[in-house]
Amino acid sequence: MATVEKMPMLQMGYDKLMTQLRDLKAERPLIVDAIEEARAHGDLSENAEYHAAKERQGQVEATISDLEDKLSRAQIIDPKSLSGDKIVFGATVTLLDEDDKPIQYQIVGQAEADAKAGMISYNSPLGRALIGRQVGEEVEVSVPSGDKFYLVDKIAFI
């Protein structure tokens, strides 16, 4: 029997996916209306509105299916309930780059990753390099722009 891999995520990420799902489900009747209206215009073979509406319907249904799959496999982790001296999923980490400039990231799930907002996936190159590290350890990460070196300065569970 196949096992279903859990998707760790924070409550915030779960809520974001639920909102996207609710919005897409609310869009369904609008798409059906657009298809009906386009059908009323006659010949479907040369009806761009009809084809666009059908394409959007396919995109929405695929996205709904994907979101429902992610939500069904969600394993919500509360970082405040975690502790320890090692970097784990949900930890907020302060790193010092090669110029001793502090950079802060929270280790999150793939669905909620946003590097600009300081949230990196545990599956990203940096996320994988950080998991299991402790304060004072150096981390080397190979990225497209070259190798980067960081020093783990602080680990928090907030």
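In what follows, the structure referred to is the one given above.
Residues numbered from 1 in each chain as written. Predicted model: local features only at pLDDT ≥ 70, side-chain atom pairs only at ≥ 80, totals over all residues. Heavy atoms only, no water.

J.: How do you make sense of the overall build of the protein chain when you look at a structure like this?
T.: A count of helices and strands for the protein chain gives three helices and seven strands. Helices and strands appear in the protein chain in the N-to-C order β-α-α-β-β-β-β-α-β-β. The C-alpha radius of gyration computed for the protein chain amounts to 22 Å, which surpasses the reference 15 Å derived for 158 residues by more than 25%, pointing to a less compact arrangement than a globule. With the C-alpha coordinates aligned to their principal axes, the bounding extent of the protein chain is approximately 70 × 35 × 30 Å. Among the 158 residues that make up the protein chain, the fraction classed as buried is 35%. For the protein chain, restricting intrachain contacts to residue pairs at least 6 apart in sequence, the fraction spanning at least 24 positions comes to 53%. Only carbon and sulfur atoms are counted for the fraction: they give 51% of the accessible area of the protein chain, which is about 9800 Å². Seen as two clouds, the 18 positive and the 28 negative side-chain charges of the protein chain have centres 4 Å apart. (Helix = DSSP H or I, 4+ residues; strand = E, 2+ residues; numbered from the N terminus. Rg over C-alpha atoms; globule rule 2.2 N^0.38 Å. Buried < 20%, exposed > 50% of the residue type's maximum accessible area, 1.4 Å probe, protein only. Contact = heavy atoms within 4.5 Å. Areas by Shrake-Rupley, 256 points an atom, 1.4 Å probe, with all protein chains shown as cover. Lys, Arg positive; Asp, Glu negative; His and termini not counted. Charge placed at Lys NZ, Arg CZ, Asp CG, Glu CD.)

J.: How should the pattern of salt bridges be read in this particular structure?
T.: Working definition: two side chains of opposite charge can pair if their charged atoms are close together. Per the stated rule, a full pass over the model turns up seven salt bridges. Residue Lys25 pairs with Glu68 through a salt bridge whose shortest N-O separation is 3.1 Å. Placement of the pair is Lys25 in helix H1 (residues 11–39) and Glu68 in helix H2 (residues 48–72), with a sequence separation of 43 residues. Classification of Lys25 as partly exposed rests on a relative accessible area of 36%. (Salt bridge = Lys/Arg side-chain N within 4 Å of Asp/Glu carboxyl O.)

J.: What exactly am I supposed to notice about the environment of Lys80 here?
T.: For Lys80, the position within the fold is in the loop between strand S2 (74–76) and strand S3 (92–96). A sequence separation of ten residues divides Lys80 from Gly90, and the C-alpha atoms of the two residues are 8.6 Å apart. In contact with Lys80, other than residues within four places in its own chain, are Phe157 and Ile158.

J.: Looking at this structure, how should I read the pairing of strand S6 (residues 138–143)?
T.: When S6 meets strand S7 (residues 146–156), the two strands line up antiparallel, connected through six bridges. Within the sheet, the bridge partner assigned to Val141 lies in S7 and is Lys148. The hairpin turn running from S6 into S7, its antiparallel successor, is two residues long. (Pairing = 2+ DSSP bridges.)

J.: What am I meant to see in the sheet that holds S7 here?
T.: What holds strands together in a sheet is hydrogen bonding between their backbones, with the strands either parallel or antiparallel. Ordered in space as S5-S4-S3-S7-S6, the five strands form an open sheet in which the pairing is mixed. Sheet topology places strand S5 (119–121) and S6 at the edges, where each strand pairs with a single neighbour. Neighbour-to-neighbour, the strand axes of the sheet open up by a mean angle of 45°, direction not taken into account. Note that S3 and strand S4 (residues 102–108) share five bridges and pair antiparallel. Opposite Leu96, over in S4, you have Pro102 as the bridge partner. (Axes fitted to C-alpha atoms, helices over the stretch in contact; angles between N-to-C directions.)

J.: So what exactly am I meant to see when it comes to the side chain of Thr94 here?
T.: Here Thr94 lies in strand S3. With a relative accessible area of 11%, Thr94 lands in the buried category. Aside from chain neighbours lying at most four places away, what touches Thr94 is Pro102, Ile103, Gln104, Leu151, Val152, Asp153 and Lys154.

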